[in-house]
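Summary of the model geometry
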Amino acid sequence: GFEKAAQSWNFQFRNVFDSNAKRLLKGSGGNDFSSGVQNMTNRLVGFINSREIDRLVIDSTMILQYFYPDNHEAFVQFLTSLKRVDATTLLISEMTDPTSYADEHYLAHGVVFMHNYMEGDGMCRGVQIIKMRGTDIDGDIHPIEFDDDGLHVSAARKLEA
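Residues numbered from 1 in each chain as written. Predicted model: local features only at pLDDT ≥ 70, side-chain atom pairs only at ≥ 80, totals over all residues. Heavy atoms only, no water.

Some words on the overall build of the protein chain
- In terms of helices and strands, the protein chain carries 6 helices and 6 strands.
- In the protein chain, the succession of α and β elements from N to C terminus is α-α-α-β-α-α-β-α-β-β-β-β.
- Relative to its 161 residues, the protein chain shows a buried fraction of 26%.
- Counting contacts in the protein chain only where the partners sit at least 6 residues apart, residues at least 24 apart contribute 43% of the total.
- Put simply, the protein chain shows about 11500 Å² of open surface, and 49% of that area lies on carbon and sulfur atoms. (Helix = DSSP H or I, 4+ residues; strand = E, 2+ residues; numbered from the N terminus. Buried < 20%, exposed > 50% of the residue type's maximum accessible area, 1.4 Å probe, protein only. Contact = heavy atoms within 4.5 Å. Areas by Shrake-Rupley, 256 points an atom, 1.4 Å probe, with all protein chains shown as cover.)

Side note on the pairing of strand β1 (residues 55-59)
- Across the two faces of β1 the burial differs, with Leu 56 and Ile 58 buried and Arg 55, Val 57 and Asp 59 not buried at all.
- Note: β1 against strand β2 (residues 88-92), 5 bridges, orientation parallel. The partner of Ile 58 across the bridge, within β2, is Leu 91. (Pairing = 2+ DSSP bridges.)

Examining the pattern of salt bridges
- Applying the stated rule across the entire model yields 1 salt bridge.
- Between Asp 140 and Lys 158 there is a salt bridge; the shortest N-O distance is 3.0 Å. Highlighted residues: Asp 140 in the loop between β4 (122-132) and β5 (142-147) and Lys 158 in the segment after β6 (150-153), separated in sequence by 18 residues. (Salt bridge = Lys/Arg side-chain N within 4 Å of Asp/Glu carboxyl O.)

Structural notes on the side chain of His 115
- Tracing the sequence through the fold places His 115 in strand β3 (residues 110-119).
- Setting aside residues no more than four positions away along its own chain, His 115 makes contact with Cys 124, Arg 125, Gly 126, Gln 128 and Ile 141.

Thoughts on the pairing of β4
- In this sheet, β4 lies alongside β3 in antiparallel orientation, the contact comprising 10 bridges. Across the sheet, Val 112 pairs through a bridge with Ile 129, a residue of β4.
- Between β3 and β4, which follow one another and run antiparallel, lie 2 residues, and Gly 120 among them has a positive phi close to 65°.
- Here 2 bridges tie β4 to β5, and the two strands are oriented antiparallel to one another. When the sheet's bridge partners are listed, Gly 126 is paired in β5 with Pro 143.

Description of the confidence of the model for the protein chain
- Of the residues in the protein chain, 83% reach a pLDDT of 70 or more, and the chain-wide mean stands at 79.
- Mean pLDDT in the protein chain bottoms out at helix α2 (residues 19-26), which sits at 63, and peaks at β5, which reaches 92.
- Across residues 30-35 the pLDDT falls below 50, and counting only partners more than four positions away or on other chains, this stretch makes 10 contacts in the model. (pLDDT = per-residue confidence, 0-100.)

Remarks on the nonpolar core
- Ranked by size, the top nonpolar core spans 15 residues in total, and within it Ile 48, Ile 58, Leu 64, Tyr 68, Phe 78 and Leu 82 carry the most contacts.
- Every element with two or more residues in this core is listed here: α3 (37-50), β1 and α5 (72-84).
- At 5 residues, α5 tops the list of elements feeding residues into this core. (Core = buried A, V, L, I, M, F, W, Y, C linked by side-chain atoms within 4.5 Å.)

Here you go:
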């Protein structure tokens, strides 16, 4: 259904480095990305609310370091503001050390790890639910496969990472 959603204009992709996204995030004041953090947060929340956006995906959280290079408190405030909008927000991050938790892990309602590692003669992919607030979870790593029909989880099998 992704192609149909994209053609219907119910789906939009914003690259933070293109001119339209820069106008959205910077506003008319012309301040650069590293300043006006509260303004950017307010504009993004306003954009989400005014368009009744159901889903927001930020890929990747590494881009947020560009906006919040030395302002930990503003970053936490940004994440907290996203929790208050009426949209499901997905934050995608690269994480090579699964024991190294970041602020977004603690603030999130759910944390899902996608694993990719060598096993035997090839790569093995797995998914693991670390946290899902208010829900009983299976914290084991289960094998996954991607194909033309999407993502498939083998819930009956467990992987050893």
